[in-house]
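Take a look at the letters that make up each chain.
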Amino acid sequence: MALLLLPLLSLLLPWGWGQALVPPSELKQMSAAGSKYIDTEVENAINGVKQMKTLMDKTSKDHQAILHTLEETKRKKEEAVQLAREKEQQLAAKQEVCNETMLALWEECKPCLKHTCMRFYSRTCHSGSGLVGRQLEEFLNHSSPFSIWVNGERIDSLLERDQQQERQFEDLEERFGLLEDGVDDIFQDSTQVYGRMYPFFRAPFGGFREAFRPPVQHVRFPLRSERLSRDLHPFFQHPHHGFHRLFQPLLEMTQRMLEEAQGGWEHPLGGFASESRNYSDDRMVCREIRRNSAGCLRMRDECEKCREILSVDCWQTDPAQSQLREQLEDALRLAERFTHRYDELMRAFQAEMLNTTSLLDQLNRQFGWVSRLANLTQGTDGFLQVTTVLSKAPNLEDPSAPPDTQVTVQLFDSEPLSLTVPGDISWEDPRFMEMVAEQALRHYKQNAIE
C-alpha cells in the first residue's frame, strides 16, 4: 500500500521539488529518534527551572531577613520621631517665657523670609509664583517664631519621608510577591511535565515535587490603586516575561526620591543657605516649596532677624528649656540617621533584586519554555512527529552538489514546521534527526519567549 502511495505523493509535490526520500514506515523511527533528543532537552530544561526555584527560595530567605532589619529600623526611627514630637510639645508649652523677644524678631523676620523665598522661586522655578506667594503669606501669618526656634520643619520632613518610605515599601512588596508567584508558576508547571514523563518517579523514590517545595509562607499586599494595577497589567498577562522589568522602575523612582531628600538631610539647619546650597537640587526645592510652604523656613539663615530667633536663649529664666532643646536636637538627629539607614537598606535590596531578576530572566529564557508543556498530553509516539521528508530540486549553480532535504515536523502542540537539512547529511545519518530536532526546538523556544 505504501508503495502505491509514493507515486501519488510525488504527483502532489510542487514543481521544482524532488522525490519523497522516506517511506511512511520509516517516518515513525525518525520521529522516535527526534523525540529522544527532545526528551533530553526537556529534562535539561526542568533541571534549569529547578535552579530558578532554588535561587528564588534563597532570595526569599534573604528577603525575610531584610524585612526584619527594616522593621527594626522603622521602629527605632518612629520612636525617635515620637520623642522629638514630645520634646517639641514640651518646649511649645514653655515658649511664653521668651514670647515677647521672639515675637518682635518674628515680625522683622517674616518680610525678609518671604522676600528671600519668593526671589529664589521666581528666579529658579518655572511657574506658580502667584499661588506660592499667597500660600506663603497665609502660612507665615498663621505661624509663630517657635517653628523656627525648634527647627519644626525637620519633623515635617521626617514625617513626609516616612510616608514616602511606606509607599515605596508596599510597592516593593507587591512586586516581590509577583516575582515569587511568577517563578513558582513556572516551577509548578514544570513539575507537571516531569510527572507525566516519569509517572513512576515519585516520593519516596525521587520526591521531585516535595524536594523543591519548601514550606515558605508569603505575605501579600492587595494592590493599592488602579495606577499600580495598570502599570503591572502586562506582567499579569505574561508573568514569565521580564522579571527584571518589575524592579527597574522602582529603583529609578527610589533614586529620584533620595536625590530630592539629600539636600534636606545634608543641611538640616540651613539647607538653602547661599553658601551651602547645591543648585543642582533646585528642581527639588521648587517642588518642596509648592507642596509645603514650610520649606521656605529653611532659608532662615539668609535673614539676620531670623537667625537671631535661633540664638534666643531662655535658660536664664528657665534652664529646663535648654535641656529640652538639646534633647529635641538629639532625637531629630537620631530619627534622621535611622531614616538614612532605612533608605540604604531599601536601595541595597532593590539593587540585589535587579541582579537576581537579571539572572532569573537568563535562566527563564533558556529553560522557562518547558512550563508551556504543562497542559500538553504527550502522545505514545513522542513529542516530535515527522510527517514528510522531501528532496529539494538540485542546485542549478552546482549540479554536482547533493540537493538539500526538506523535513516537515510537528513539535509538541505547535503548527507543522518545514526545516532544511544540508544535502551532505543523509537522512540515515544520526546527525540528521538531531539537527532537525534542534532546529524545531529552537523555533519553539523563540515563539515561547515572544
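See above for the structure.
Residues numbered from 1 in each chain as written. Predicted model: local features only at pLDDT ≥ 70, side-chain atom pairs only at ≥ 80, totals over all residues. Heavy atoms only, no water.

Draft legend 1. How the structure looks around the overall build of the protein chain. Counting its secondary structure elements, the protein chain contains 13 helices and 4 strands. Expressed as a percentage of its 450 residues, the buried residues of the protein chain come to 43%. On the protein chain, roughly 24200 Å² of surface is accessible, and the fraction owed to carbon and sulfur atoms is 52%. (Helix = DSSP H or I, 4+ residues; strand = E, 2+ residues; numbered from the N terminus. Buried < 20%, exposed > 50% of the residue type's maximum accessible area, 1.4 Å probe, protein only. Areas by Shrake-Rupley, 256 points an atom, 1.4 Å probe, with all protein chains shown as cover.)

Draft legend 2. Local environment of the pairing of strand β4 (residues 417-421). On β4, burial follows the alternation: Leu417, Leu419 and Val421 on one face are buried, whereas Ser418 and Thr420 on the facing-out side are not. As paired strands, strand β3 (residues 405-411) and β4 are joined by 5 bridges and run antiparallel to one another. What sits directly across from valine 407, in β4, is leucine 419. A loop of 5 residues connects β3 with β4, the two strands running antiparallel in sequence, and phenylalanine 412 in this loop sits at a positive phi of about 55°. (Pairing = 2+ DSSP bridges.)

Draft legend 3. Focus on the environment of leucine 131. By secondary structure assignment, the location of leucine 131 is in helix α4 (residues 129-141). For leucine 131 and arginine 290, which are 159 residues apart along the polypeptide, the C-alpha to C-alpha distance reads 8.6 Å.

Draft legend 4. Layout of unusual backbone geometry. In the Ramachandran plot, phenylalanine 412 falls in the positive-phi region, its phi being about 55° despite a non-glycine side chain. By the secondary structure assignment, phenylalanine 412 is in the loop between β3 and β4.

Draft legend 5. Geometry of the nonpolar core. Counting residues in hydrophobic clusters, the biggest one holds 61 residues, and the most contacted among them are Val42, Trp369 and Phe412. Elements supplying a minimum of two residues to this core: α2 (24-94), α6 (152-197), α9 (244-266), α12 (319-367), β2 (384-392), β3, β4 and α13 (430-449). Examining the composition of this core, we find that 12 residues originate from one element, α2, more than from any other. Those residues in contact with tryptophan 369, other than ones at most four positions away along the chain, are Glu41, Val42, Ala45, Asn364, Phe412, Leu441, Tyr444, Lys445 and Ala448. Residues Met102, Trp106, Cys117 and Cys296 belong to the second largest nonpolar core, which totals 25 residues. (Core = buried A, V, L, I, M, F, W, Y, C linked by side-chain atoms within 4.5 Å. Contact = heavy atoms within 4.5 Å.)

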